[in-house]
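The residues making up each chain are set out below.
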Amino acid sequence: MAKRVFFLTQFFHPEPAATAQLLTELAVELVKRGIEVTVYTSQPTYYERQRLPRQEEFHGVRIVRLFSTRFNKKKLFGRLANGITFCLAVLLRLLTASDGAPLLIVSAPPFLGWVGWLVSLVRRRKYVFLIHDVYPDVAIQLGYMKKSGITARIWEMLNRRVYDHASTVIVLGERMRQVVEQRIENSATPVEVIHNWADGQFIVPRSKEENWFAQKYGLVGKTVVLYSGNMGLFHDLETIIEAADRLQGLEDLVFLFIGGGGKKEKLVQMAKQRGLKNVKFLPYQPRDHLPYSLTAGDIGVVTLERGVEGFCVPSKLYSYLAAGQAILALVGKDSEVADIIEKFECGIRIDQGDIEGVVNALARWRNDLSLLERMKRNARNCFEQHFTKDQAIARYHEILKRL
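Predicted model only: the values in this text are computed from it and were never measured.

K.L.:
Residue-level account of the overall build of the chain, with values.
P.N.:
Scanning the chain from terminus to terminus reveals 15 helices and 14 strands. Relative to the 2.2 N^0.38 estimate, which gives 22 Å for 403 residues, the radius of gyration of the chain is 21 Å and therefore close to what a compact globule would have. Principal-axis analysis of the C-alpha atoms gives the chain an extent of 65 × 45 × 40 Å. Evaluated residue by residue, the chain yields a buried proportion of 58% over its 403 residues. Within the chain, counting contacts between residues at least 6 apart in sequence, those at least 24 apart form 71% of the total. Accessible area of the chain: about 17,600 Å², with a carbon and sulfur share of 50%. Positive and negative charge centroids in the chain, built from 55 and 43 side chains respectively, lie 6 Å apart.

Below is the structure:
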């Protein structure tokens, strides 16, 4: 049994990013199950604040914050510099450490797995590799590099080494597993699917009449289309704003954006230029507000950039399901999100950029509230059957025990 494990991740408590919150919950729950967890992470970069202590304990988890740059993560240079300096700091720490406990390595930043592979060669440390996004495929689809270019080819070669030397590779969905399995040459390396999750006891469906957040922001009696989280540069949220423009005459329909990110200012300006009174923007909410902010919505928006199906799974999907929201998904039909929606009848999938499709979906729900309520119930039932925190943590615990 693995009595100790080290997490390697750029993002951890108290960052608001979904990756940080999920890994924090995972670490805390593993400690409760008898595994000592130490986390090598960086100083927060998601929002301005003073540097946190280099070492501290959080609910039994030992956090070690290593040096890395803190450039603006909205810029490509900033993200690269922050990620590279963090990886170098982790590599130096692991190569000089006397501890040989196994590692859980998260693909954040996406080249952190290379550190684990090098350390396994030099120090013989075992590692589990958790893939949140499949690179370089995502970068290729987003236009950052060419598939036939030397950088992409080298990246793919190094990733194959990471996969082949891992004790286990963990992915977030069946379609991602199909992609990764094709690239593993070592038949002894298992690829396990463990979906991300939400805390179903923390986030519970509740009526707006009993929700102080909904009351505070005038959402009671409204049908609320909610996007909560990072408004990233490659999330198709402009389509939602355009749909809100076409529907602004409907006083009972509200579009609520909660969070931040590189695209937020653009969305704010779009709404302002169009004079949209049915669109509200709020900042990231404290964690103890989430049971109320997430349940203030009726319809949760999930987006994926065209072409990245099979390479990533939006983690906000699980929070929406836990909150009992119908899903409005701007994703390709060959995606994990589309599969879940079709199987459990908990939402409507629309192609990216299809403004008319969004308008029609919202009209369908608005004109048939019984359909909306049924999909909301299906969402929570789907969550309870497949995506609870306990189910996911148990799988991680089982894998780490084998190391």
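K.L.:
Residues and numbers for empty space enclosed by the protein, please.
P.N.:
On inspection of all chains with the given rule, the structure shows 2 cavities of 30 Å³ or more. The wall of the largest cavity is formed by Ser107, Pro110, Phe129, Ile131, Asp133, Val134, Tyr135, Asn159 and Tyr163. Of the residues in the lining of the largest cavity, the class split is 6 nonpolar, 2 polar and 1 charged. Considering only enclosed or pocket space, the second largest cavity measures out at about 40 Å³ in volume. Its residues assigned to classes, the lining of the second largest cavity shows 4 nonpolar, 2 polar and 2 charged.

K.L.:
So what's going on with the layout of surface pockets? Which residues, and what values?
P.N.:
Computed from the structure, the second largest pocket encloses a volume of approximately 400 Å³. Among the elements that take part in the lining of the second largest pocket, helix 14 (residues 369-386) stands out by supplying 6 residues, more than any other. Of the residues that constitute the lining of the second largest pocket, the class distribution is 4 nonpolar, 7 polar and 11 charged.

K.L.:
Lay out the pattern of salt bridges with the relevant residues and their values.
P.N.:
Counted by the stated rule, this structure contains 23 salt bridges. Notably, a salt bridge pairs arginine 4 with aspartate 99, separated by 2.2 Å at the nearest N-O pair. Highlighted residues: arginine 4 in strand 1 (residues 4-8) and aspartate 99 in the loop between helix 2 (76-96) and strand 5 (103-106), separated in sequence by 95 residues. For arginine 4, a relative accessible area of 36% gives the class partly exposed. Linking aspartate 199 and lysine 389 is a salt bridge whose minimum nitrogen-to-oxygen distance equals 3.2 Å. Of this pair, aspartate 199 sits in the loop between strand 8 (191-193) and helix 7 (212-216) while lysine 389 sits in helix 15 (residues 389-401), and the two are 190 residues apart along the sequence.

The rules we used
- Residues numbered from 1 in each chain as written.
- Predicted model: local features only at pLDDT ≥ 70, side-chain atom pairs only at ≥ 80, totals over all residues.
- Heavy atoms only, no water.
- Helix = DSSP H or I, 4+ residues; strand = E, 2+ residues; numbered from the N terminus.
- Rg over C-alpha atoms; globule rule 2.2 N^0.38 Å.
- Buried < 20%, exposed > 50% of the residue type's maximum accessible area, 1.4 Å probe, protein only.
- Contact = heavy atoms within 4.5 Å.
- Areas by Shrake-Rupley, 256 points an atom, 1.4 Å probe, with all protein chains shown as cover.
- Lys, Arg positive; Asp, Glu negative; His and termini not counted.
- Charge placed at Lys NZ, Arg CZ, Asp CG, Glu CD.
- 1 Å grid on protein atoms, 1.4 Å probe; cavity = no way out; pocket = protein on both sides within 12 Å on 5 of 7 lines; lining within 4 Å.
- Points joined across faces, edges and corners; volume = space filled by probe spheres on them.
- Nonpolar A, V, L, I, M, F, W, Y, C, P; charged D, E, K, R; others polar.
- Salt bridge = Lys/Arg side-chain N within 4 Å of Asp/Glu carboxyl O.

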